[in-house]
Amino acid sequence: MSPRIVAIIAACSLLVPAVRLSAADRWAPWIEPDFPFFSSSVDLRETAPNSIPWNITPRGIVLNLGHDCWATFDTELLRVSAIWIGKGMTPEALGPLSYQEAGNFKTLGGQGKLPKPDGTILLSSGVYPGWQIGERVSLEDPREPQPSKEEPGRGPLPAEAGRFKALRLVRNGVVLEYTAHGVPVREWMTTSEAQGKPVVERHFEIGPSDKPMQHVLGATGSASLAIGFPPGKPAPKLVEKDAVWSVQVPPHAEPMQFCITTGAGAAGLGLKPIPKDAPGVRWPQEITTNATLSTARDAYVVDDIALPFANPWRRNVRLCDIAFFKDGTAVVSTFDGDVWLVRGLAEKSGPVRWKRFASGLHEPMSLAIRDEQIYVLDRNGIWRLRDTDGNGEADVHELFSNVFPQSAETREFPNSLKLAPDGSFVIAKGGQQDSTISKLNGSVLRVAADGQSYSVLGYGLRQPYAGVNPRTGLVTAGDQEGNYTPSTPLYILQEPAEFHGFLSALLPKEKYPAPIADPLTWIPHQVNASAISQTWLYGAKMGPLNDALIHVGFNRPELFRVMLNNRGSRPQAAVVSIVRDFDVPALNAAVNPADGSLYFAGFQVVGWGTTSKALSGLARMRYTGAPVTLPREVVPMDKGVLLRFDVPLDPRTAADRASYTMESWHYRRTWQYGSPHLKADDKPGQDWLTPSSAYLSQDGRSVFVGLPDMKPVQQMRIGWGLATPDGLKIEGNAYFTPYELAKFDPAAEGFGKIDVDLSPKPSLAPTSAPASVEEGKRLYALMGCMACHATDDAVQPKIGPTWKGLYGKKRDIFKGGSVDATDDYLRESILTPAAKIVKGYEKIEAGMPVYSGVLNDAQIESLILFIKTLK
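Residues numbered from 1 in each chain as written. Predicted model: local features only at pLDDT ≥ 70, side-chain atom pairs only at ≥ 80, totals over all residues. Heavy atoms only, no water.

**What to know about the pattern of salt bridges**
And then number 1: Inspection of the entire model under this criterion finds 51 salt bridges.
And then number 2: The shortest N-O distance in the salt bridge between Arg79 and Asp74 comes to 2.9 Å. As far as the burial class goes, Arg79 and Asp74 line up, both buried.
And then number 3: One salt bridge in this structure joins Lys272 and Glu201, with 3.2 Å as the shortest N-O distance. Taken together, the residues span a long stretch of sequence, with Lys272 in the loop between strand S16 (256–263) and strand S17 (286–289) and Glu201 in strand S11 (residues 197–206) at a distance of 71 residues.
And then number 4: Beyond isolated ion pairs, a larger network of salt bridges with shared partners links Asp43, Arg45, Glu92, Lys113 and Lys116. (Salt bridge = Lys/Arg side-chain N within 4 Å of Asp/Glu carboxyl O. Buried < 20%, exposed > 50% of the residue type's maximum accessible area, 1.4 Å probe, protein only. Helix = DSSP H or I, 4+ residues; strand = E, 2+ residues; numbered from the N terminus.)

**Some remarks on empty space enclosed by the protein**
Empty space among the atoms becomes visible once a probe the size of a water molecule is rolled across them.
And then number 1: Scanning the model with the defined rule gives 7 cavities of 30 Å³ or more in all.
And then number 2: Here the largest cavity is characterised by a volume of approximately 90 Å³.
And then number 3: Contributing to the lining of the largest cavity are Trp30, Ile31, Glu32, Phe35, Phe37, Phe38, Arg315, Asp336, Ser359, Gly360 and Leu361.
And then number 4: In the lining of the largest cavity, the residues fall into 6 nonpolar, 2 polar and 3 charged. (1 Å grid on protein atoms, 1.4 Å probe; cavity = no way out; pocket = protein on both sides within 12 Å on 5 of 7 lines; lining within 4 Å. Points joined across faces, edges and corners; volume = space filled by probe spheres on them. Nonpolar A, V, L, I, M, F, W, Y, C, P; charged D, E, K, R; others polar.)

**Quick word on the pairing of strand S5 (residues 79–89)**
For a regular strand, the rule is simple: side chains alternate between the two faces of the sheet.
And then number 1: Summarising burial for S5: 9 of the 11 residues are buried, a large majority.
And then number 2: Across 6 bridges, the pairing between strand S4 (residues 69–74) and S5 is antiparallel. In the strand pairing of S5, Ala71 is matched with Ile83.
And then number 3: What sits between S4 and S5 in their antiparallel hairpin is a turn of 4 residues, with Leu78 showing a positive phi close to 55 degrees.
And then number 4: In terms of strand pairing, S5 meets strand S6 (residues 117–124) through 7 bridges, oriented antiparallel. Looking at S6, one finds that Gly88 is bridged to Asp118. (Pairing = 2+ DSSP bridges.)

What follows is the structure, given as structure tokens:
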């Protein structure tokens, strides 16, 4: 960030203390009346006077023109898809509906409920280019169809036909800048009054053209159109054919100006110069908050950083992502379209200073910084946000790249934007499709450094989130457990792109288009039911975790260390928990170069199950300097498992085979949600593995645990209960998928000359804890049930039926009939959730996984006992 911007921010700061709003307070409306635009999909399928069954604008800029007048500009087809008078948009998108109270909306799939113009339509156009060459107008879409031909989200027009360039904020609104068939166009919309009624004015400046051009306006219904232009110049002309209006623009050697007016009293008005002056400072106030430092004595602790909820605009702040400039200034995006600058994070307790930088984006889930410039991914594509006048706020939104299509499906979220070392960007797109089939839903793409092309790195993903190694360019991705995704996978992606197993419910069940790629490792449901992004701790001050790969878990907020294993012909990995159960629903994380700590941010709405109590948050994982007891390497080998630590180990416990527990299982991939744990004989459950021996390395920091008949398996867990020589406990679990088993060479691994004892030993399998209410309460938290099912009158509703008052209650079943919530019903619902789905919960985003083979009889009984207490 330039010193000039920093100085201006400081000069215009008004320190406003941040406090939490009371339950009686409400945020200001999602649509801010004094901001000139916001981005949204716009549903025009049933909109007169130009009703077309597939007329949706997936990438729309909605302009607030004043006088209750609105217009939507389609950045792909370069058309104004609608102009209307009214309240704005119906609040049917995820952001507006969940804005005031996150519990009011469940993430519905498909295109059944999309935002619509809320008012009287003055003009609407169909799904065809807004600018065309020649004397005739075509009402056809020239773009390559998606697999579902009725899907309008086909991506931009060919570059030679035109591309959207930028939104330029000016004092009187916003100027649209784009090219049409090689001709530069600047367009500014405003309003005036004629005969006491509002009129929408569209002012154009277009560059020279040696060919005739057509600007297709659309159908008007009862509204009238008029055109104004300078005298003595080549004259554009309004033409109507088959109820569709267009402007015929003759060839012209000099730049041309004209104005189109739309409204009940439209007339040819005098031309107004398109504004060029910057809008000035829109949000002068800087809000301050503080950090609450953790008092824990662990090596890695989590500090909470208060969000600027008490702000002059009464704007909700639901963070999605965080990135850093070189000086430690953070940039964060919010789900509701805002970007904030955050300063002072390197000061442990604050003050933390928040400055609003940009707005108007469409679910900007992720951002990145390249060459000290801000890039944001939203449904429109990748924006570059520029502060051209140096006042600390963005005044130009450049559409850096929209070469990849975006469907109108509500769950094709713009999940990830990651910078690669060659300047390219890696993006991840949501994959769930419930209305139409598109080519790139559920894909991870590489967008070229110039933004002009893309390649596919992986497809067939449900809801992928990506990570990129900033030094090597290695691309990783996690995916969401669900239909076709039996548990949480963690992948390495590279070209040629591989298929990863997820299919839309609109496609034939389990008819896969290609072989299914294996992940680096699977992670069990009860450990990480909702995988999110990955980041590398380069430039961190994290002790033994420096340069490590970190994986973010969402369902139970957790940060994991991913230990890559490149000892075989294919990469493998093991994961272990670093910190968990904090109050931030984490989505993305980044290292602050100013203090070397890891900052993570996120938010939640109904349908995105998490045990987090906060609706949004920002937190810092800080290294205290205490001993780090995490393993730094976990390697499955032909004679057992190798564990390496960064602290010395107590020789007695380290060499005791009873200090370790091991089990293995596999999953079954089907079209259904999740998978039970399955033993080697395909029966539900896990195979208990009994270690035969354990050995401490010569340096006292590594252990080799011998295991007879070690073999590849889909999922394996090793747990340990160790200590340091001075008594510090070292406890934990690692989860991995041993595809290949490296050969164990004791001397090379630092164990000297030993012969690993692999003779069978008596089982160390633990006995089941007796069924009890307390055990059920513990399992409710441990297994992630708390993310989906409330046990009290929670203000924040859950995505599944409440457990409060459940026992004995009559339940209406989705497919008809009803049933009493008896012991047998509860047991069946735990083991086979799809057997009797409660009415009203059949289309929930996060379906309940199968717990058959995961929970034993005593554990199921404990959960039932706990449910019985919830009166």
